[in-house]
Structure formats: structure tokens, C-alpha cells
Amino acid sequence: MSKFHSLKVKEIEKTTADCSVITFDVDEKLIADFAYTQGQYLTMKADINGEEVRRSYSLCSSPLDNEWKVAVKKIEDGKFSTFANDVLKQGDLLDVMPPNGKFFVECEPTKAKNYIAFAAGSGITPILSIIKTHLYKEPNSTFKLFYINQAVSTIILKEEVESLRNVFLGRFEIYHFLTREHRNVELFNGRLSKEKMEIICDKLVDVSELNEAFVCGPNEMIFMVRDFLQSKGMPEKNVHFELFNTSGVAAKKKKRKVDMSKMSQIHIIEGGKTIQFNIPQGSDNILDAGLKQNMDLPFACKGGVCCTCRAMLVEGDIEMEVNYALEPDEVEAGFILTCQAVPLSEKVVVNFDA
Ligand code: FES
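Residues numbered from 1 in each chain as written. Predicted model: local features only at pLDDT ≥ 70, side-chain atom pairs only at ≥ 80, totals over all residues.

Attention now moves to the sheet that holds strand E13 (residues 273-280). The five strands are arranged E13-E12-E18-E14-E16 in an open sheet whose pairing can be described as mixed. The open sheet has two edge strands with one neighbour each: E13 and strand E16 (335-337). Across the sheet, the mean angle from the axis of one strand to that of its neighbour is 35°, orientation sign disregarded. Bridge count for strand E12 (residues 263-270) against E13 is eight bridges, and the pairing is antiparallel. (Pairing = 2+ DSSP bridges. Helix = DSSP H or I, 4+ residues; strand = E, 2+ residues; numbered from the N terminus. Axes fitted to C-alpha atoms, helices over the stretch in contact; angles between N-to-C directions.)

This is the structure we're talking about:
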């Protein structure tokens with residue numbers, strides 16, 4: 001099971017006024033644990049003013065770089081992002097979980113594939129890792145990036161993205177969209193919309209020739225682009241997205257009546273040990289119930305988005321409130337998001353070691 005490890009901050013570099021790129025030093029003995037695939041993320045934990053705060057940030061480096069870099073953009077009232085930008089410094093130690101996530105497809109060096117990506121703001125971080133890795137490992141593949149920012153000065157990782165275009169001239173195209181600065185071509189002014197997607201698919205992209213699409217940004221942009229590409233014939237399995245946050249997700253939670261007289265016996269297997277306890281059926285999710293038993297269980301977003309809390313349902317019935325992280329084949333195989341899984345049977349057995 002994934003555990004936190006203490007990593008030293010090797011370097012912090014400001015890429016824009018409010019965004020820091022943090023590079024971690026990964027000790028020789030942790031290299032195997034921290035091996036990653038393009039598009040994966042790191043979950044970090046810090047004690048901020050007496051409160052434990054966990055956040056996940058996508059790696060913007062490529063596994064080919066043998067580096068571990070994340071870009072943390074400071075957001076208003078963001079506890080961790082303010083800490084990372086204003087307090088954290090070179091040489092500090094931070095608790096970091098090994099890389100996780102499924103926002104990627106395998107590289108196929110012998111194939112010539114056409115990829116497309118849509119990134120808004122710091123959504124570029126996993127996308128940059130994906131683009132770089134595929135272009136280096138697949139010499140006949142192409143990538144088109146549609147990158148939305150407020151203004152030129154707020155484009156994080158601008159130099160890294162632009163320098164890739166110079167390395168892969170003819171195979172990598174970038175289209176910048178700005179929401180608060182005017183550009184000469186009207187298409188590139190403002191946010192992405194269905195109307196703009198129509199123009200993009202009419203003039204710049206032939207959807208029938210696309211193999212995979214990657215989308216990362218605000219949730220409404222993700223769902224609009226995903227639905228649009230699917231409406232143009234891209235199979236669901238070829239449109240990959242990474243949700244930024246859990247906003248809008250909580251609203252979809254179901255209201256459930258709890259019958260305090262019906263109990264669920266919960267068995268949680270973690271780290272080779274089994275802990276057993278009882279809770280009223282439907283009263284709490286399995287992750288929170290386990291944490292209340294002082295179990296050291298893995299989690300980050302608690303919103304059904306990141307997959308850090310994934311475990312195997314060995315026995316019993318549960319209901320997941322939301323699931324934005326597990327693929328259909330994982331659900332089919334019996335995996336659940338424990339932060340979303342409410343027990344509904346007399347006995348529920350969950351294995352975090354699976
Ligand atoms: S903690 Fe992120 S999906 Fe459960």
C-alpha cells in the first residue's frame with residue numbers, strides 16, 4: 001500500500017508570479033517506489049497551522065527526465081498552495097506518497113498516432129508530461145495542444161511547452177487561447193465553447209484521424225470537450241480526462257436515510273492486518289469509518305476524483321456516491337473508492353492491499 005515518504009525539496013522555481021515548480025530529491029532507495037508514468041500525480045501532506053492538509057499535484061516532468069517536478073499554482077484561500085508558494089523552501093522535507101493515477105495511455109513506439117490535448121491553466125502539468133513522453137518515445141506520432149490561459153504572463157510552464165515545439169517541429173502544434181488579453185484571431189479569444197470546438201474540428205483537427213484525447217482543466221470544460229468529441233464519433237475509451245477538483249461533485253451526493261438499528265460489520269484489510277468494527281448501515285463511508293478507528297489509510301481528495309483511496313471489495317454490498325476515478329473495468333473487477341463507498345450489507349470486507 002502507498003505510504004508517505006519524506007522527500008527533500010531540491011529546488012523551487014517561480015514559473016509565474018503565483019506558481020512554483022517544486023523539484024524533489026528522490027533518494028536512491030526510493031527510486032523504484034517513485035517510478036512513474038507520464039500523467040501521474042503525487043499526493044503531499046503538510047502540517048499547516050496545526051492542521052494536516054493533503055493535496056495531489058500532477059507531475060509535470062517526464063519519466064524520461066529522471067526528475068520529479070510538480071507545479072503548484074497559488075489559489076485564493078488555498079491552504080496548501082499558499083504554503084507551497086510562500087513558506088516551503090529548498091532543503092525542506094515534505095511527506096509525499098509514491099506516484100499514482102491513470103491519466104495516461106501506454107506509449108507505442110512502433111505506431112504513428114495522432115493525439116490531441118486541451119489544457120486550461122495548471123491543467124497543463126500532466127499534459128506536458130504526456131506530450132513530452134509520447135513525442136520522444138513515438139517518433140512517428142503527432143500532438144496538437146489547445147492551451148487556455150488568462151494572459152501571456154500567467155501561462156505556467158510556457159518555456160517548457162514552447163521549447164518542445166522547437167524540438168518536435170512538424171509533429172507538435174500549440175494553439176494558445178487567452179481569456180483576458182486580446183489576440184488577432186477571434187477563435188483564440190476567450191474560453192473554449194461548443195462553437196469554438198466546432199471551428200477547431202472543422203479547420204484544425206480531423207476527429208476521424210485522432211487516436212487519443214487528453215483533457216485537464218476546470219470540470220465544466222472537461223465535460224464539454226469530452227461530450228463534444230464523443231458526439232463527433234470519438235469512442236469514450238479514447239477520451240481521457242483528469243478532474244482538477246471536487247467542486248460540483250459534492251452536490252451530486254445522495255441524501256440517504258440511516259436506519260441506526262441496522263449495523264454493518266466492516267472488515268478492513270490494510271498492511272497485512274485486518275481491523276473489524278461496526279457502523280450503522282449507510283451512515284458513513286468506509287474510508288472515514290476506518291480513519292475514525294485510527295487506521296492509517298491512503299486518501300487525498302475525499303471527493304471521488306483522485307483514486308488514492310482505491311481498495312478491493314472482497315465481500316458485501318456498498319454504494320458509491322460518485323466515481324470520477326475508477327475505469328469501468330476496475331469497477332467490474334471489484335475495486336471501489338472507499339471515500340465514496342457506503343456499506344449497505346451486514347458484512348463488508350474491503351482490502352486495501354489488493
Ligand atoms: S480520496 Fe480521492 S477518490 Fe477517494
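Turning next to the domain arrangement of the protein. Reports often express the size of an interface as the amount of accessible area lost when the parts come together. According to the domain assignment, the protein contains domain 1 (5-100), domain 2 (114-243) and domain 3 (263-351). Between the C-alpha centres of domain 1 and domain 2 there is a distance of 24 Å. Across the contact, 15 residues belong to domain 1 and 14 residues belong to domain 2. Sorting the residues of the side of domain 1 that touches domain 2 by element identifies strand E1 (5-16) and strand E5 (68-73) as the ones contributing at least two each. No other element matches E5, which puts three residues into the side of domain 1 that touches domain 2. For the side of domain 1 that touches domain 2, the residue count by class is seven nonpolar, seven polar and one charged. (Domains from an automatic or database assignment. Contact = placed C-beta atoms within 7 Å. Nonpolar A, V, L, I, M, F, W, Y, C, P; charged D, E, K, R; others polar.)

So, about the sheet that holds strand E2 (residues 19-25). Read from one edge to the other, the open sheet built from six strands follows the order E4-E3-E6-E1-E2-E5, with strand pairing classed as antiparallel. Single-partner strands in this sheet number two, and they are strand E4 (51-58) and E5. Each adjacent strand pair in this sheet contributes to an overall mean axis angle of 40°, direction not counted. Bridge count between E1 and strand E6 (residues 93-100): four bridges; the pairing is antiparallel. Residue pairing in the sheet places Leu 7 in a bridge with Leu 94 of E6. In the packing of helix H1 (residues 79-86) onto the sheet, the strands contacted are E2, strand E3 (41-48), E4 and E5, and the crossing angle to E3 comes to about 85°.

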